[in-house]
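Listed below are the residues making up each chain.
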Amino acid sequence: MVLKTFGWSFAVTALGLVAAVFYGGWQAFGIVAILSILEISLSFDNAVINAGILKKMSAFWQKIFLTIGILIAVFGMRLVFPVVIVAISAQLGPIEAIDLSFNDPDRYKELVTDAHPSIAAFGGMFLLMIFLDFIFEDRDIKWLGWIERPLSKLGKVDMLSVCVALIILMITAMTFATHAHQHGGGHADKAETVMLSGIAGLITYLVVGGLSGFFENKLEEEEEREHEAEEEARKAGKPVSGVVLAGKAAFFMFLYLEVLDASFSFDGVIGAFAITNEIVLMALGLGIGAMYVRSLTVYLVRQGTLDDYVYLEHGAHYAIGALAVILLVTIQYEINELITGSVGVILIGWSFWSSVRRNKALAAAGGDGGGSDSKAEASSGV
């Protein structure tokens, strides 16, 4: 079952890692491995959400999502999107960007280094908004309660995450301007670039969130119509198809899943820029990760159960927050790629370990009610 579901993912992993070694040696191997782990971890909740929606769809639409959908997800978002970001930031054509990365890596690195402040500001703000919206939301299950409880209370203030993000952006731009001024030349233009790119990242986040909300509402409307049709069929004594959605509802569900997947992959793609600017390594790492997300979605649908690692979503969001801070810091200072990648992997690994400890504590307590859950959280040291 596992080999059948994850076979292609294992094959792509082997090919991708071998390609990384040939391309850039063992350091490239390490970067691609870290990118793959980050992409899988950051998109784990995406796979869970996908599985919950996908199981309602007919076999035809499931196949469409897992074939055409994966082309959009892997080749569109994970391979083309990073090239587009580099091309826009470095003011190159997409083909020219790819050509330079292969044939003139020194010139490519120089252009990307010059464009890095705008990429880092855009990406840092996008990731920061994901983290802030998560941390300011009041949740039943809390991982690091001493942080999450007070912040969830503050989160009741409307638009707080946007205000905090804009304040951080202003501080970053002003700090950058001061630093550039002290070292001479071009500080005003660079600070303005950082500010504009950061605002663009914030707007992109809000637009993506708005599109997700729009399709979610459309989907709910179509599901209501489907259920009404089922009720009428039941009253008339006609056969009822059950929960499998077709027609308009399935189409909107497919669109909704693609928008969700795009929004979830944004964090992986943008986070990848905190680890490397190499398009080839980025494509390899994110491509491997995307294959596992798809395989995991299929596995969850076929098994009919969702893994109960409740803190993993928290760990992934803390990793996103860490990547956001790192991206904003790299506007000024250089940080080693392996250190950057390790921070996210450590946070995600810690949350996974906490989830396992919680599950063991719940099993030992003999239940999963609210009291047991609190004890389990306490036993995991949070």
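Preceding block: the structure.
What counts and what doesn't
- Residues numbered from 1 in each chain as written.
- Predicted model: local features only at pLDDT ≥ 70, side-chain atom pairs only at ≥ 80, totals over all residues.
- Heavy atoms only, no water.
- Helix = DSSP H or I, 4+ residues; strand = E, 2+ residues; numbered from the N terminus.
- Areas by Shrake-Rupley, 256 points an atom, 1.4 Å probe, with all protein chains shown as cover.
- 1 Å grid on protein atoms, 1.4 Å probe; cavity = no way out; pocket = protein on both sides within 12 Å on 5 of 7 lines; lining within 4 Å.
- Points joined across faces, edges and corners; volume = space filled by probe spheres on them.
- Nonpolar A, V, L, I, M, F, W, Y, C, P; charged D, E, K, R; others polar.
- Patch = residues over 30% accessible without salt bridge, like charges linked within 9 Å, V, L, I, M, F, W, Y side chains within 5 Å.
- Salt bridge = Lys/Arg side-chain N within 4 Å of Asp/Glu carboxyl O.
- Buried < 20%, exposed > 50% of the residue type's maximum accessible area, 1.4 Å probe, protein only.
- Arc of directions from axis to C-beta.
- Lys, Arg positive; Asp, Glu negative; His and termini not counted.
- Charge placed at Lys NZ, Arg CZ, Asp CG, Glu CD.
- Contact = heavy atoms within 4.5 Å.

(A) Spatial organisation of the overall build of the chain. Along its length, the chain carries 13 helices and 0 strands. Helices and strands appear in the chain in the N-to-C order α-α-α-α-α-α-α-α-α-α-α-α-α. When the accessible surface of the chain is totalled, it reaches about 18500 Å², and 66% of it is carbon and sulfur.

(B) Here's a closer look at empty space enclosed by the protein. Under the criterion given, the structure shown has 1 cavity of 30 Å³ or more. Considered as a void within the structure, the largest cavity measures approximately 50 Å³ in volume. Lining the largest cavity are Phe134, Ile135, Glu137, Arg139, Lys142, Glu148 and Ser152. Per-class residue counts for the lining of the largest cavity are 2 nonpolar, 1 polar and 4 charged.

(C) Layout of a nonpolar patch on the surface. Judged by side-chain polarity, Leu166, Ile199, Ile203, Val207 and Leu211 come together as a nonpolar surface patch covering roughly 390 Å² of accessible area. The leading source of residues in the nonpolar patch is helix H8 (residues 187–235), at 4 residues. If you trace the backbone, Ile203 turns up in helix H8. A residue is classified by how much of its surface remains accessible, and Ile203, at 47% relative accessible area, is partly exposed.

(D) Region of interest: helix H4 (residues 94–103). Buried within H4 are the following residues: Ala97, Leu100 and Ser101. The buried residues of H4 occupy one face: seen down the axis, they fall within an arc of 100°. Within H4, the exposed residues directed more than 90 degrees away from the buried face are Ile95, Phe102 and Asn103.

(E) Representation of a negative patch on the surface within the structure. Among the surface-exposed residues, Glu220, Glu221, Glu224, Glu228 and Glu232 lie close enough to one another that they form a single negatively charged patch. Residue position: Glu220 is located in helix H8.

(F) Structural context of the environment of Phe126. Looking at the element boundaries, Phe126 is found in helix H5 (residues 105–135). Using a relative accessible area of 1% as the deciding quantity, one classes Phe126 as buried. On a C-alpha basis, the gap between Phe126 and Ile199 in space is 9.2 Å, while along the polypeptide they are 73 residues apart.

(G) Fine view of the environment of Leu166. Structurally, Leu166 is set in helix H7 (residues 160–182). For the pair Leu166 and Gly198, spaced 32 residues apart in sequence, the C-alpha separation works out to 8.5 Å. Apart from the residues within four sequence positions on either side, Leu166 is in contact with Met125 and Leu202.

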